Amino acid sequence: MASLYRTLLNGLSRTGAQIIDLAPGAAVLVHRRHGTWTSTDLGGGVHLVVDQRKSGAPERDFQKAASDYLCSRHVAEMLDHYGVNCVFDVGANVGQYGKRLRQSGYKGRIVSFEPVPRFLEKLRERSGDDPDWHVFPCGLGRSDELRPMHVEWNTMNSLLSPSDYGNAAYKRFTKGRTEEIQVCRLDGLMDQALAGIPDPRPYLKMDTQGYDLEVFAGAGKRADDFVGLQSEVALLRLYEDSPRMEEALAVYEERGFEVTGMYPVTREKNTGRVLEFDCVMMRAAEAPAPVPEDRERPAAAGQGAGG
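Bear in mind the structure is a predicted one, so any value in this text is a computation, not a measurement.

### Let's talk about the sheet that holds strand β12 (residues 228-234)
Turning to step 1, where the next piece is worked out: Strand order in the open sheet made by the 7 strands is β7-β6-β5-β11-β12-β14-β13, with mixed pairing throughout. The open sheet terminates on both sides in strands that have one partner only, identified here as β7 (133-136) and β13 (258-267). Going from strand to strand, the sheet's axes swing by 15° on average, the running direction of each strand aside.
Turning to step 2, where the next piece is worked out: Against the sheet, helix α3 (residues 96-103) contacts β5 (86-90), β6 (109-113), β7, β11 (202-206) and β12, and its axis sits at roughly 150° relative to β5.

Given below as structure tokens:
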């Protein structure tokens, strides 16, 4: 399979595509004529990540595709290692995260939260054939309430207004339409979301455009039920009143979560500064007991037991 994989990469490179190896059996391919990226399992542990977004900066396409791939693989590893059987997908949009979970081999329950009707419809279509992918038509926050949400910013829709920096960085923020949505506390929904799972080991993924700490606050004491979390943490504020990375990390760490991975999400084009990271955190105390190493090691070739 490795030989076939290498032959395939060599053939693709002759089409004008650019290729970078990530690891044995994993590579990123960038082609500038299309508009999506996918991770394809070629069998035998071989994966090909195809980044086909249109761009004038192929090197950045490489970096973004590699970061996305490594983050998704790390999350898959952590879910498996910690025995996660329910992923709370907060800020689900149209189900991209849930789909990637399934592609990575995760077979447990997915509970997606999405309040925007036009995205909610697509999310339900995507999850409709998956009996253990549940959808809640609401946003999450500190309080049960109705709140206006900016709904014209696509994947950057937020309950917060843009900051001065955000307005300067993104033209989409000039679109001002809001829509009233239902916001719920997470602790009030957890029993329903986890119903039927004998020994729940949930993982909390948050991607709410500056609102993750409000979501976390709404978990209350039930935040202790999660064995891990994933949060988009910001070095530069795109939204008013959103926390900076160090503030968010301090809150999560105080509740027992520790960083296992940080992956750049967006960068400033002209400076290269990272705006946001996807931060993966786990409770070390919830990790399975380590397998003790054998104390007796085989003697080196040519040596007897007495050396």
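### Things to note about the sheet that holds strand β8 (residues 139-140)
Turning to step 1, where the next piece is worked out: Within the open sheet, the 3 strands sit side by side as β8-β10-β9. Their pairing is mixed. Because the sheet does not close on itself, it has two edges, and the strands there are β8 and β9 (145-150).
Turning to step 2, where the next piece is worked out: In the sheet, β8 pairs with strand β10 (residues 178-184) via 2 bridges, with the strands oriented parallel. Residue pairing across strands places Gly139 opposite Val183, the latter belonging to β10.

### Quick notes on the packing of aromatic side chains
Turning to step 1, where the next piece is worked out: Scanning the entire structure with this criterion turns up 9 aromatic pairs.
Turning to step 2, where the next piece is worked out: On the basis of an interplanar angle of 15° and a centroid distance of 6.2 Å, the ring pair of Phe88 and Phe113 is categorised as stacked. On the criterion of sequence distance, the pair formed by Phe88 in strand β5 and Phe113 in strand β6 is long-range, its members being 25 residues apart.
Turning to step 3, where the next piece is worked out: A relative accessible area of 0% places Phe88 in the buried class.
Turning to step 4, where the next piece is worked out: Seen in terms of ring centroids, Phe216 and Phe257 are 6.2 Å apart; in terms of plane orientation they differ by 75°. Their pairing is edge-to-face. With Phe216 in helix α7 (residues 212-217) and Phe257 in the loop between α8 (245-254) and β13, this residue pair connects regions lying 41 residues apart in the sequence.
Turning to step 5, where the next piece is worked out: Here Phe216 falls in the buried class, since its relative accessible area comes to 4%.
Turning to step 6, where the next piece is worked out: Taking the relative accessible area as the measure of exposure, Phe257 reaches 1% and is therefore buried.
Turning to step 7, where the next piece is worked out: Counting every residue linked through ring pairs, the aromatic cluster contains Phe88, Phe113, Phe136 and Phe226.

### Structural notes on α3
Turning to step 1, where the next piece is worked out: Restricting attention to buried positions, one finds in α3 the residues Tyr97, Gly98 and Leu101. Viewed along the axis of α3, the buried residues span an arc of 100°, placing them on a single side of the element.
Turning to step 2, where the next piece is worked out: Downstream of α3 by one or two residues, Gly105 has phi in the positive range, about 105°.

### So, the confidence of the model for the chain
Do not read the predicted coordinates in detail wherever pLDDT is low.
Turning to step 1, where the next piece is worked out: Taken as a whole, the chain shows an average pLDDT of 85; of its residues, 76% reach a score of 70 or greater.
Turning to step 2, where the next piece is worked out: This model gives residues 51-57 a pLDDT under 50, and the stretch forms 27 contacts once residues within four places in sequence are excluded.
Turning to step 3, where the next piece is worked out: The low-confidence segment residues 300-307 (pLDDT under 50) makes 1 contact with residues lying over four places distant or belonging to another chain.

### Description of the nonpolar core
Turning to step 1, where the next piece is worked out: Phe88, Phe113, Leu140, Leu186, Leu204 and Tyr252 are the most contacted members of the largest nonpolar core, which totals 52 residues.
Turning to step 2, where the next piece is worked out: Considering every element that reaches this core, the biggest residue donor is strand β14 (residues 274-282), with 5 residues.
Turning to step 3, where the next piece is worked out: Ignoring anything within four residues of it in the chain, the contact list for Leu204 reads Phe88, Val90, Leu186, Phe216, Phe226, Gly228, Leu229 and Gln230.
Turning to step 4, where the next piece is worked out: Leu79, Val87, Tyr203 and Tyr263 belong to the second largest nonpolar core, which has 20 residues in total.

### Comments concerning the pairing of β10
Turning to step 1, where the next piece is worked out: The pairing of β9 with β10 spans 6 bridges and is antiparallel. The residue bridging Met149 from the neighbouring strand is Glu179, located in β10.

### Some details on the pairing of β5
Side chains on a regular strand alternate between the two faces of the sheet.
Turning to step 1, where the next piece is worked out: β5 sits mainly inside the fold: 5 of its 5 residues count as buried.
Turning to step 2, where the next piece is worked out: Residues Cys86, Phe88 and Val90 line one face of β5 and the alternating positions Val87 and Asp89 line the opposite face, and both faces are buried.
Turning to step 3, where the next piece is worked out: Pairing analysis gives 5 bridges linking β5 to β6, with the strands arranged parallel. Residue Cys86 lies in a different strand from β6, and its bridge partner there is Arg109.
Turning to step 4, where the next piece is worked out: Viewed along the sheet, the connection from β5 through α3 into β6 turns out right-handed.
Turning to step 5, where the next piece is worked out: The pairing of β5 with β11 spans 5 bridges and is parallel. Counterpart to Cys86 in the pairing with β11 is Pro202.

Analysis parameters
Residues numbered from 1 in each chain as written. Predicted model: local features only at pLDDT ≥ 70, side-chain atom pairs only at ≥ 80, totals over all residues. Heavy atoms only, no water. Pairing = 2+ DSSP bridges. Helix = DSSP H or I, 4+ residues; strand = E, 2+ residues; numbered from the N terminus. Axes fitted to C-alpha atoms, helices over the stretch in contact; angles between N-to-C directions. Contact = heavy atoms within 4.5 Å. Phe/Tyr/Trp six-rings, centres within 6.5 Å; stacked < 30°, edge-to-face > 60°. Buried < 20%, exposed > 50% of the residue type's maximum accessible area, 1.4 Å probe, protein only. Arc of directions from axis to C-beta. pLDDT = per-residue confidence, 0-100. Core = buried A, V, L, I, M, F, W, Y, C linked by side-chain atoms within 4.5 Å. Right-handed = clockwise from strand over helix to strand, strands pointing away.

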